[in-house]
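# Working through the structure, step by step
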Amino acid sequence: MDKNFQGQESAQVVKFTPPLYKQRYQFVKDLVEKYKPEKVADLGCADCRLLWMLKFCSCIEVLAGLDISASVMKEKMHTLSPLPVDYLWPSERSLTITLYHGSVAHKDPCMLGFDLVTCMELIEHLEESELKKFPEVVFGFMAPSIVVISTPNSEFNPLLPGVKLHRHPDHKFEWSQAEFQSWALEAARCYDYSVEFTGVGHPPTGMENVGFCTQIGVFIRKYPQTGESVQSVKPTEAVYKTVFKAVYPSLKDEKYLQNAVVSEVIFTAQIIRNLLMSQHEEEEEEEDPEGKCKFQASVDFFSDHLGKVVVDKSMEPFVNGNEVYIPLETIFSFPKVNRLCGNFEKLCKLIAGKVTLSSDGSAVMLSTEHE
């Protein structure tokens, strides 16, 4: 060890802000934002905190977690379940999250087809026999486009208070920078990946040679894997046990899309009805000032848009007795309704039997009374 390093050991105890684990998770999140993977697997997911962060990334449609300890996953897996708000306002993307109980030393077909695989602070927990199988399972069998592996940098340990041999009692080893890079380069060479080295947790000024507290290797597959090569190594039986699965509500599901369209059509029709009735009333009733202020922006938008789209009589809302008729074509012209449906025929199909229409089905019917 460097003499200067030893001399400054007691004086420069390092503390990380934000905490080191959050820096690791942010590193993965930044990578996701850069490469936009649709399917991501976290090996050694433990308490699911990284998966929880990644579920908010709009590009991801499939998330999977794997850990050797089912009890650790079960403690926090409820955080991955959809919330009531997810059902009230379903996302336009689909999202499925699954947790598996198993070892990274075993192959299972459920782990095929992922774009990004993360192994954060995992390999140092593996027995020697498991570590030998790890490259073949991850790089050879799973063969994702990107693999991220982080592991402690043993050269940083003297700066961490209380660390004597390893940072955690379950660690089987902790590598120096040279050891990690040698292992990573050999794995990359064997399975046609390139690898770049970086990390999180900067050393103190003047000790840059110590390297990052957490060293990270980012592996990028050089050549796309063919369907035939995947099939040739696919095992015949599943070995992982599913311990959790959540399917989030999505507008790609016809049921949730219909609910969203019906709600938006009724909302739009009610606003138009209120605007129309206001124009017909000679004397407006006193309104709650706070309520008026709350909806004024929406009212202004609808009024302005309505004036632009009603260019002929067929799109003009009208009153007949105690009923207000708002043409479907007018409602379809509003951006959100248009975006949800895509075409006018789909709008008609989705609201059929859910919204009160005129006898010829061309307009939404509402009572003249304000709601």
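The protein is annotated in an unreviewed UniProt entry as Small RNA 2'-O-methyltransferase of Pitta sordida. What UniProt records for the protein under Catalytic activity (unreviewed entry) is the sentence "small RNA 3'-end nucleotide + S-adenosyl-L-methionine = small RNA 3'-end 2'-O-methylnucleotide + S-adenosyl-L-homocysteine + H(+)". UniProt lists a comment for the protein under the heading Sequence similarities (unreviewed entry), and it reads "Belongs to the methyltransferase superfamily. HEN1 family."

Our next topic: unusual backbone geometry. Between T17 and the following residue, P18, the backbone shows a cis peptide bond with an omega angle of -5 degrees. Looking at where P18 falls in the secondary structure, it is placed in the loop between α1 (3–8) and α2 (20–35). The phi angle at K36 is positive, at roughly 55 degrees, despite the residue not being glycine. Within the fold, K36 resides in the loop between α2 and β1 (39–43). In the Ramachandran plot, C48 falls in the positive-phi region, its phi being about 70 degrees despite a non-glycine side chain. Mapped onto the elements of the fold, C48 is located in the loop between β1 and α3 (49–54). Looking at C48, the relative accessible area reads 1%, which means it is buried.

Another aspect to go through is the sheet that holds strand β7 (residues 214–221). Across the sheet, eight strands lie side by side as β6-β7-β5-β4-β1-β2-β3-β8; this open sheet has mixed pairing. For this open sheet the edge positions go to β6 (193–200) and β8 (241–247), each flanked by a neighbour on one side alone. The mean inter-strand angle of the sheet, taken between neighbouring strand axes irrespective of direction, is 15 degrees. Where β1 and strand β4 (residues 116–120) come together, three bridges link them in parallel fashion. The residue bridging A41 from the neighbouring strand is V117, located in β4. The strands touched by α2 are β4, β5 (146–152), β6 and β7; relative to β7, the strand with the most contacts, the crossing angle is about 20 degrees. Along the sheet, helix α7 (residues 177–190) makes contact with β5, β6 and β7, crossing β6 at roughly 155 degrees.

Judged by how many residues are buried, β4 sits mostly within the fold: five of five residues are covered. Alternating residues of β4 divide into L116, T118 and M120 and V117 and C119, and every residue in both groups is buried. Note that β4 and β5 share five bridges and pair parallel. The residue of β5 that forms the bridge with V117 is V147.

Basis of the calculations
- Residues numbered from 1 in each chain as written.
- Predicted model: local features only at pLDDT ≥ 70, side-chain atom pairs only at ≥ 80, totals over all residues.
- Heavy atoms only, no water.
- UniProt positions renumbered as here; feature names shortened; annotations may be inferred.
- Helix = DSSP H or I, 4+ residues; strand = E, 2+ residues; numbered from the N terminus.
- Buried < 20%, exposed > 50% of the residue type's maximum accessible area, 1.4 Å probe, protein only.
- Pairing = 2+ DSSP bridges.
- Axes fitted to C-alpha atoms, helices over the stretch in contact; angles between N-to-C directions.
- Contact = heavy atoms within 4.5 Å.

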